[in-house]
Amino acid sequence: MNVPAIPSLSTSSPRSARAEAGALLLLASPLVAANLLQMAIAAVDVVFVARLGAIELAAATLAAFLFNLLSYALIGLTGAAAPLIAAEVGRKAHAVREVRRSFRMALWVGLLGAIPVMLVLWQGEALLRMAGQDEQVAKRAGDFLLVLLAAVPLAVTAGVMRTAAAALGRPGWAFVATGAALAIDILGNWALVFGHLGAPAMGLIGSALANLLSFAVMVLIYAVIFACDQRLRRYRLFGHWWRLEAARARDICRLGLPIMATWLLEGGLFGGAALLMGLIGVADVAAHAIALNIAAFAFQVPSGIAQAATIRVGIAFGSGDRRWIALAGNVAITFGIGVMAATAAIMWIAPRALIGAYVDPAAPANAEVVDLALRFLAVAAVFQLADGAQAVAAGVLRGLQDTRVPMIIAAFGYWIVGFGSSVALGFATPLAGTGVWWGLAAGLLVVAILLVGRWSARNRLGLVPPPRMA
């Protein structure tokens, strides 16, 4: 039995920039679409839970923040499998065995890492109380997290399977699996939150169960795909699943821990910005949430391009082809900046239409929030280019298996420059909330300049294989 055909991607050196751009687009498009579907899952949860009341919405928002921050950090850790698998495909020799080792050890490392994350989420209520949150909100968020505990290993497993499928030239399955998860999440929320299809009305806990079911379905669909897809099946990715490969596990940790730290640093920066907004005013928090959500949707495009760039550069790195490495990285960075220029233009041209997806811009009660959101979006339009550049530059450097120095760059740019500027501009100038956003822009710009500079100096820094002998 074979699943429907999904075209495989070329692993041969392209003849031109146009050919490389085409290969990148084929790889990135389904990954971008899957990212957007994942964002849609979060939006669906908000739509259903918002009808339960302010306390439930606040509880779900806090619980989702903790779950997403920690589970995505684990997915970042296991994301080290992408450049390793890509390089093995590029080398071609013993690729089946080496790919299987990288997949297996990424899964091992991720599932072991899930244990402390689950322990942290188990204490979610206590952590939120320590953070000064309302007692009712903390209690309900804690109950929500107790259900989501079981979703952590499922999220990690799905992330590793998505990485492997994309690195092996089958990115379309990420769109299929995430789309199915979205459908289950919609149906599950509808049935379990409000009591349809004969299910009890479980309220907030029903939404948590719908999330859990969506992750379980995603893993199940990937398992079927891995068993039935001819290209993926030949790697026998779950073969010898009990066998420890200590050296490969160390490689996963060596590359993955800096990726995880980088994701936490970036997520913490925007979480910290939200806390700063809370010190400025309630309207600023609401406007910040709207503008940041719009920017987050736009960011899914360069994020997908970055994932694809890691794989394309990784294959070229494994093949030892310097020309291809340069072509793959330069095309990806150019593509990422170009796409974000388009999203920036949309934010400049039609900001009210974007804000209108969240609140009614014409309602007098929303006037202050809309005015602030318009100011924040104007800044967001400016930093779109920097955001795209830094995301894709980090991706191409991961393809070279270079993650430690980019982590240090991220720590400096995000927190010393970005957060420091946000505090200074937000509280020492009349800019207030707009100053916080300019601080974020400054941090992203510094990271983008330093990462692109490191990419440009890759030969001098010894990040690429030595030139081939004539």
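For the structure, check the block above.
Residues numbered from 1 in each chain as written. Predicted model: local features only at pLDDT ≥ 70, side-chain atom pairs only at ≥ 80, totals over all residues. Heavy atoms only, no water.

What follows concerns the overall build of the protein. For the protein, the helix and strand inventory stands at 17 helices and zero strands. The C-alpha radius of gyration computed for the protein amounts to 22 Å, which stays within 12% of the reference 23 Å derived for 470 residues, consistent with globular compactness. Along the first, second and third principal axes, the C-alpha atoms of the protein reach 70 × 55 × 35 Å. With 470 residues in all, the protein has 53% of them scored as buried. Here the contacts in the protein between residues at least 6 apart in sequence split such that 83% fall between residues at least 24 apart. (Helix = DSSP H or I, 4+ residues; strand = E, 2+ residues; numbered from the N terminus. Rg over C-alpha atoms; globule rule 2.2 N^0.38 Å. Buried < 20%, exposed > 50% of the residue type's maximum accessible area, 1.4 Å probe, protein only. Contact = heavy atoms within 4.5 Å.)

Attention now goes to the packing of aromatic side chains. Within this structure, the stated rule accounts for 10 aromatic pairs. Consider the rings of W241 and W242, whose centres lie 6.1 Å apart with planes at 85 degrees: the pair is edge-to-face. By relative accessible area, which is 55% here, W241 ends up exposed. The exposure class assigned to W242 is exposed, which follows from its relative accessible area of 52%. By way of ring pairs, the aromatic residues F103, Y222, F226 and F238 are connected into one cluster. The ring of Y235 carries the charged tip of R234 above its face, separated from the ring centre by 4.9 Å. The aromatic ring of W455 is capped on one face by R458, whose charged end is 4.2 Å from the ring centroid. (Phe/Tyr/Trp six-rings, centres within 6.5 Å; stacked < 30°, edge-to-face > 60°. Lys NZ or Arg CZ within 6 Å of the ring centre and 35° of its normal.)

What follows deals with the nonpolar core. Core analysis: the largest hydrophobic core is formed by 137 residues, its most contacted members being F226, L400 and W437. Ranked by the residues each element gives to this core, the list is headed by helix α15 (residues 367-399), at 17 residues. (Core = buried A, V, L, I, M, F, W, Y, C linked by side-chain atoms within 4.5 Å.)

Tracing the backbone through its elements, the reader meets T403 in the loop between α15 and α16 (404-427). At 3.2 Å, the side chain of T403 and the backbone oxygen of L255 are in polar contact. When near neighbours in sequence (up to four residues on either side) are disregarded, T403 contacts R254, L255, P258, I259 and R398. (Polar contact = N/O pair within 3.5 Å; in protein donor to acceptor, adjacent residues only side chain to side chain.)

Right, let's talk about the environment of G278 for a bit. Relative to the assigned elements, G278 resides in helix α11 (residues 246-280). For G278, a relative accessible area of 46% corresponds to the partly exposed category. With 57 residues separating them in the primary sequence, G278 and F335 have C-alpha atoms 36 Å apart.

What follows deals with α15. With 33 residues, α15 ought to run about 48 Å at 1.5 Å a step, and its terminal C-alpha atoms sit 46 Å apart, in line with that. Along α15, the sharpest kink reaches roughly 45 degrees, centred on F383. Taking burial as the measure, the 33 residues of α15 include 25 buried ones, the bulk of the element. Backbone geometry just after α15 places Q401 at a positive phi near 60 degrees. (Expected span 1.5 Å × (residues − 1). Bend = angle between axes of the 7 residues up to and from the residue.)

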